[in-house]
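# Survey of secondary and tertiary structure
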Amino acid sequence: MNLASEWIARGVSRLRTTESPDATAGAKAPATVRTTHERLKATLRRGEEVLPPRMLRRLMEDLQAASAEQVSDVEGGRRAKDVMDWYATASAAERQDLWLLICQQFGPDAQRLQLARQHYDKADSDVERGQAEIGLRRALSSARTRLMQRFAVPAGGMRFLLDLRAELLALPKSDKRFAALDAELEYLFSSWFDVAFLKLQRLSWDSPASLLEKLIQYEAVHDIRSWTDLKNRLDSDRRCYGLFHPLLPGEPLIFVEVALVDALSDSITPLLDESAATTDISRASTAIFYSISNTQAGLRGVSFGDSLIKHVAQTLSAEFPRLRTFATLSPIPGFRAWLAKHGTALLAKMDDKPRGELARALGLAPKASVEAAALLAAAEPAAQLPAQSPVRRALLWCAAHYLGKESDNGRPLDPVARFHLGNGARVERLNWAGDPSAKGAKQSLGLMVNYLYDLKKIDKHRDLLAQGRMPVSRDIESLLKG
């Protein structure tokens with residue numbers, strides 16, 4: 001074999017996956033995944049790698065130029081814009097190569113961080129610990145942080161970062177390769193989207209059409225079916241408010257729809273009825289938050305719902321002094337699925353009398369065990385069950401247990417309950433057939449719940465939740481007792 005043939009053979013062998021000793025039988029070992037450190041030093045692409053080393057090095061140089069300490073934020077932002085332009089046309093796999101570079105090449109200096117940690121651990125006085133803490137914070141600050149800050153500088157930079165994190169969050173949870181980048185973005189967003197920088201704005205029928213279209217697009221609780229439906233939700237007896245960030249004009253981060261009524265609402269139907277007469281708002285005593293929608297997937301983990309509700313309550317109180325009650329009319333999206341999985345074990349814990357009545361209603365012997373599947377089947381259609389039906393009473397008891405007892409590490413299982421109880425509300429009342437829609441039946445057999453925001457007891461309710469106890473009303477406590 002001549003030299004040229006040997007060179008070709010070596011090049012081809014580097015591109016092929018590593019073969020096992022049993023290669024003659026057709027079996028192959030999985031290719032070794034190279035780090036970006038190895039790929040940057042290589043000559044040829046291997047296996048499933050997307051960007052060849054030459055292109056990877058070029059991208060690395062662009063990222064280094066954007067994050068360089070010696071250049072200004074403005075110049076760094078200009079260089080970051082070049083990477084953003086490349087990203088806009090890159091494939092999903094090519095984008096992941098960029099993420100890998102950011103994770104593996106721009107993190108804190110490991111040696112410097114270790115020394116700073118040792119210095120902190122050895123500090124003997126408050127003064128020494130204070131100085132060591134400063135050193136530790138500086139060691140934790142990395143080129144990755146500076147790079148993300150530079151991406152936020154040019155026009156559209158914040159939108160770029162939000163969309164990037166949304167892409168990261170859409171990956172399977174088992175994929176941990178980009179955890180460092182995700183954590184970096186979440187940390188920065190927590191500062192950049194602090195409530196001190198957000199503005200509460202009322203949205204009305206007179207708002208720009210582009211903004212109203214955003215409401216239709218992002219509504220996550222009760223779909224807005226038409227412009228007439230939207231107009232009804234913005235009528236004189238309604239209010240809609242959103243939180244906005246100065247770098248995302250015309251883009252609400254979260255918005256809430258409010259109905260001004262004279263009592264707690266027990267059904268979503270009249271609130272969404274486009275032909276219903278408007279309420280005399282001069283007599284309104286209750287503000288019902290019937291839909292709260294987050295609009296930015298990239299801001300998951302950054303919470304400002306509490307601030308939104310507090311700001312809205314204060315704004316409404318100033319406009320309508322007669323308002324005394326602030327509550328939600330909320331779905332229970334996780335209830336039916338949870339009941340199908342855990343209901344049989346829960347029903348076995350019912351007191352003998354109600355369990356016997358339920359068994360007879362299902363055509364079983366009084367002391368027979370009740371399966372969750374049988375209860376769910378008997379609840380179709382739930383709206384037709386009379387008030388004293390054992391099936392209906394059992395479902396209400398199960399729902400009260402789900403919202404008032406079930407938790408994961410002290411956090412409510414239901415995502416909507418987790419949001420409202422975490423913001424200081426309490427579980428106030430369950431509403432039978434509150435949502436008769438197909439979606440309501442699928443999620444919770446039509447059940448809805450009122451969460452009450454007692455502005456004087458928000459901190460108390462949070463303390464209870466921190467102790468692992470769900471804040472609930474006397475009505476819910478009565479249901480739990482059966």
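Residues numbered from 1 in each chain as written. Predicted model: local features only at pLDDT ≥ 70, side-chain atom pairs only at ≥ 80, totals over all residues. Heavy atoms only, no water.

### A short note on the overall build of the protein chain
Heads up, the condition is: Strands are runs of DSSP state E lasting at least 2 residues, helices are runs of H or I lasting at least 4, and numbering of each runs from the N terminus. To sort residues, take the accessible area from a 1.4 Å probe on protein chains only and compare it with the maximum for the residue type: under 20% means buried, over 50% means exposed, and anything in between is partly exposed. Should any heavy atoms of two residues lie within 4.5 Å, those residues are considered in contact. Computed with a 1.4 Å probe, the accessible areas rest on the Shrake-Rupley method; for each residue, only the protein chains presented here act as cover. A residue counts as positive if it is Lys or Arg and as negative if it is Asp or Glu; His and the chain ends are not included. Here the site of a charge means atom NZ of a Lys, CZ of an Arg, CG of an Asp or CD of a Glu.
Helix and strand content of the protein chain: 22 helices and ten strands. The C-alpha extent of the protein chain, read off along each of the three principal axes, is 90 × 60 × 60 Å. Taking all 482 residues of the protein chain together, 45% fall into the buried category. Long-range contacts, defined as pairs at least 24 residues apart, comprise 71% of the intrachain contacts of the protein chain with a sequence gap of at least 6. When the accessible surface of the protein chain is summed, it comes to about 25,400 Å², and 51% of that surface belongs to carbon and sulfur atoms. For the protein chain, the distance from the average position of its 66 positive side-chain charges to the average position of its 59 negative side-chain charges is 2 Å.

### Thoughts on the UniProt feature "domain: Malonyl-CoA decarboxylase N-terminal" (unreviewed entry) in the protein chain
Heads up, the condition is: UniProt positions are given in the numbering used here, feature names are shortened, and annotations may be inferred rather than shown by experiment.
Mapped onto this numbering, the UniProt entry gives "domain: Malonyl-CoA decarboxylase N-terminal" (unreviewed entry) at residues 106-193. Secondary structure over residues 106-193 splits into 73% helix and 0% strand, and the C-alpha atoms at its two ends are 24 Å apart.

### Some thoughts on the nonpolar core
Considering soluble globular proteins, one finds that nonpolar side chains tend to be buried as a cluster. Put simply, the rule is: Take the buried residues of types Ala, Val, Leu, Ile, Met, Phe, Trp, Tyr and Cys, join any two whose side-chain atoms come within 4.5 Å, and each joined set is a nonpolar core.
Counting 103 residues, the largest nonpolar core has Phe151, Phe189, Phe193, Leu316 and Phe335 as its most contacted members. Tallying contributions element by element places helix H18 (residues 390-404) first for this core, with ten residues. Other than its neighbours up to four places away in sequence, Phe189 contacts Met158, Leu161, Leu162, Arg165, Asp194, Gly298, Leu299 and Val302.

### Here we look at the side chain of His245
Put simply, the rule is: N or O atoms within 3.5 Å of each other form a polar contact, as long as, within protein, one can give a hydrogen and the other can take it, and as long as residues adjacent in sequence are counted only when both atoms are side-chain atoms.
Here His245 shows up in the loop between strand S2 (238-244) and strand S3 (254-261). Here His245 falls in the buried class, since its relative accessible area comes to 7%. Among the polar contacts listed, one links the side chain of His245 to the backbone nitrogen of Leu247, at a separation of 3.1 Å.

### Structural notes on the layout of surface pockets
Rule in force here: Only protein atoms enter the 1 Å grid, on which a cavity is a set of points fitting a 1.4 Å probe that cannot get out and a pocket is an open set with protein on both sides within 12 Å along at least 5 of 7 lines, lining residues being those with an atom within 4 Å of a point. Grid points are joined across faces, edges and corners, and a volume is the space filled by probe spheres set on the points.
For the largest pocket, the calculated volume is near 870 Å³. Listed by contribution, the elements that provide at least two residues to the lining of the largest pocket are strand S4 (286-294), strand S6 (330-331), helix H19 (415-422) and helix H20 (438-444). In terms of residues, the lining of the largest pocket owes the most to one element, S4, which gives six residues.

### Overview of the environment of Gly135
Inspection of the secondary structure puts Gly135 in helix H7 (residues 126-140). For Gly135 and Ala116, which are 19 residues apart along the polypeptide, the C-alpha to C-alpha distance reads 5.9 Å.

### As for the pairing of strand S5 (residues 325-328)
Rules: By definition, two strands form a pair when at least two bridges between them are found by DSSP. Crossover handedness is defined here as right-handed if the route from the first strand over the helix to the second strand goes clockwise, with the strands pointing away from the viewer.
Alignment of S4 against S5, held across four bridges, turns out to be parallel. By the bridge assignment, Phe289 is partnered in S5 with Thr328. Remark: the S4/helix H14 (residues 305-319)/S5 crossover connection has right-handed handedness.

### Notes on the environment of Gly156
Mapped onto the secondary structure, Gly156 falls in the loop between helix H8 (143-151) and helix H9 (157-169). Taking C-alpha positions, Gly156 is 8.2 Å from Leu247, a pair spaced 91 residues apart along the chain.

### Describing the packing of aromatic side chains
Filter applied, for reference: Note on aromatic pairs: the rings of Phe, Tyr and Trp (six-membered ring only in Trp) are paired at centre separations within 6.5 Å, and the planes decide the class, stacked below 30 degrees, edge-to-face beyond 60, tilted for the rest.
Per the stated rule, a full pass over the model turns up eight aromatic pairs. Taken together, a centroid distance of 6.2 Å and an interplanar angle of 75 degrees make the contact between Trp205 and Trp227 edge-to-face. Of the two residues, Trp205 sits in the loop between strand S1 (199-202) and helix H11 (209-218) while Trp227 sits in helix H12 (residues 227-233), which places them 22 residues apart along the sequence. What makes Trp205 partly exposed here is its relative accessible area of 35%. The class for Trp227 is partly exposed, based on a relative accessible area of 41%.

### Notes on H18
To be explicit about the condition: For a helix, the expected span equals 1.5 Å multiplied by the residue count minus one.
An ideal rise of 1.5 Å per residue puts 21 Å on 15 residues; H18 measures up with 21 Å between its terminal C-alpha atoms. H18 sits mainly inside the fold: 13 of its 15 residues count as buried.

### A short note on unusual backbone geometry
The peptide bond linking Glu380 to Pro381 adopts the cis configuration, its omega dihedral lying at -10 degrees. Structurally, Pro381 can be placed in the loop between helix H17 (372-378) and H18. Residues other than glycine seldom take positive phi values, yet Asn409 does so here, at roughly 55 degrees. Exposure remark for Asn409: the relative accessible area of 76% places this residue in the exposed category. For Leu445, which is not glycine, the phi torsion reads 60 degrees and is therefore positive. Tracing the sequence through the fold places Leu445 in the loop between H20 and strand S10 (448-452). A relative accessible area of 5% means that Leu445 is categorised as buried.

### A word on the pattern of salt bridges
Using the following cut-off: Salt bridge, as used here: a side-chain nitrogen of Lys or Arg that lies within 4 Å of a carboxyl oxygen of Asp or Glu.
Under the defined criterion, the tally for this structure stands at 31 salt bridges. Glu133 is the salt-bridge partner of Arg137, the closest N and O atoms lying 3.0 Å from each other. Here Arg137 pairs with Glu133, and both are found in helix H7, just four residues apart, close to one helical turn. Beyond isolated ion pairs, a larger network of salt bridges with shared partners links Glu219, Arg225, Asp229, Arg233, Glu257 and Glu274.

### Topic: the confidence of the model for the protein chain
Threshold: A residue's pLDDT is the predictor's confidence in that residue, given on a scale from 0 to 100.
Taken as a whole, the protein chain shows an average pLDDT of 90; of its residues, 93% reach a score of 70 or greater. Scored below 50 in pLDDT, residues 1-30 shows 16 contacts in the model against residues more than four places distant or in partner chains.

### Observations concerning the pairing of S3
Across the eight residues that make up S3, a large majority, eight, are buried. With six bridges joining them, S2 and S3 adopt antiparallel strand pairing. Its bridge partner lying in S3, Gly242 is registered against Phe255. Pairing of S3 with S4, which is carried by eight bridges, proceeds in the antiparallel orientation. The residue of S4 that forms the bridge with Phe255 is Ser293.

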